[in-house]
Amino acid sequence: MAGMGCAGIAGGIFLYSHDPTTTQWMPVCVFHEITGMYCPGCGSGRSVYALLHGDFLQAMRMNVLLYPMLLFAGLILWKPEIGKNSKVIWSVFFILIAYWVLRNIPFFPWNYL
């Protein structure tokens, strides 16, 4: 657990000083490169970068699902029995799939995802 915390802090420090849109160190999304469509994780690096620089609104624009999923991951780490419930697993799965589909619809309001 401490190792994950240290890795998260180190990643945050690195990301704070390296803009994902201009650095060569950040990986590109292979799915987006191949299809031109966004996956549920697209924009996560830029979103965290914006959040680390205090731009909460821009962070939400980049990937609105990232922060609820991070809260959910923290909840799973705190109470692992929640992650063993099949209803919870399926709910998260369907939310991810729905977000994946909706963020690729090029019409209002979905084009804001």
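Here the structure is shown first, and the text comes after it.
The paragraphs below set out a description of the structure included in this document. (Residues numbered from 1 in each chain as written. Predicted model: local features only at pLDDT ≥ 70, side-chain atom pairs only at ≥ 80, totals over all residues. Heavy atoms only, no water.)

What to know about the overall build of the protein
If you tally the helices and strands in the protein, you get six helices and zero strands. What you see in the protein, going N to C, is helices and strands ordered as α-α-α-α-α-α. Taking all contacts inside the protein whose residues are at least 6 apart in sequence as the whole, residues at least 24 apart take part in 44%. Total accessible area computed for the protein in this model is approximately 8100 Å², and 73% of it derives from carbon and sulfur atoms. If the 6 positive side-chain charges of the protein are averaged to one point and the 4 negative ones to another, these points end up 13 Å apart. (Helix = DSSP H or I, 4+ residues; strand = E, 2+ residues; numbered from the N terminus. Contact = heavy atoms within 4.5 Å. Areas by Shrake-Rupley, 256 points an atom, 1.4 Å probe, with all protein chains shown as cover. Lys, Arg positive; Asp, Glu negative; His and termini not counted. Charge placed at Lys NZ, Arg CZ, Asp CG, Glu CD.)

Some points on the packing of helix α1 (residues 2-17) against helix α3 (residues 44-52)
Between α1 and α3, the least distance of the axes is 9 Å, while the angle of their chain directions is 85°. On the basis of their axis angle, the class for α1 and α3 is roughly perpendicular. Seen from α1, the contacting residues are Gly12, Leu15 and Tyr16; seen from α3, they are Gly45, Val48, Tyr49 and Leu52. In the contact of α1 with α3, the residues fall into five nonpolar, two polar and no charged. (Axes fitted to C-alpha atoms, helices over the stretch in contact; angles between N-to-C directions. Parallel < 35°, antiparallel > 145°, perpendicular 65-115°, else oblique. Nonpolar A, V, L, I, M, F, W, Y, C, P; charged D, E, K, R; others polar.)

Considering the state of the cysteines
Evaluation of the coordinates by the stated rule reveals zero disulfides. For Cys42, which is in no disulfide, the shortest distance to another cysteine sulfur is to Cys29 and amounts to 3.4 Å. (Disulfide = S-S within 2.5 Å.)

Brief notes about the packing of aromatic side chains
The way to describe two aromatic rings as a pair is by their centre distance and the angle between their planes. Using the criterion set out here, one finds four aromatic pairs in the structure. Between Phe31 and Trp100, the aromatic rings sit 5.2 Å apart at their centres with planes inclined by 80°, giving edge-to-face as the arrangement. Of this pair, Phe31 sits in helix α2 (residues 30-35) while Trp100 is found in helix α6 (residues 86-102), placing the two residues 69 residues apart along the sequence. Taking relative accessible area as the criterion, Phe31 reaches 28% and is therefore assigned partly exposed. Looking at Trp100, the relative accessible area reads 29%, which means it is partly exposed. Ring centres of Phe93 and Phe94 lie 5.5 Å apart, and the angle between their planes is 65°; this geometry places the pair in the edge-to-face category. Through a chain of ring-to-ring contacts, three or more aromatic side chains come together here, namely Trp90, Phe93 and Phe94. Seen from the ring of Trp78, Lys79 lies directly overhead, with NZ or CZ sitting 4.9 Å from the centre. (Phe/Tyr/Trp six-rings, centres within 6.5 Å; stacked < 30°, edge-to-face > 60°. Buried < 20%, exposed > 50% of the residue type's maximum accessible area, 1.4 Å probe, protein only. Lys NZ or Arg CZ within 6 Å of the ring centre and 35° of its normal.)

It is worth stressing that arrangement in space is one thing and function is another; only the former is reported here.
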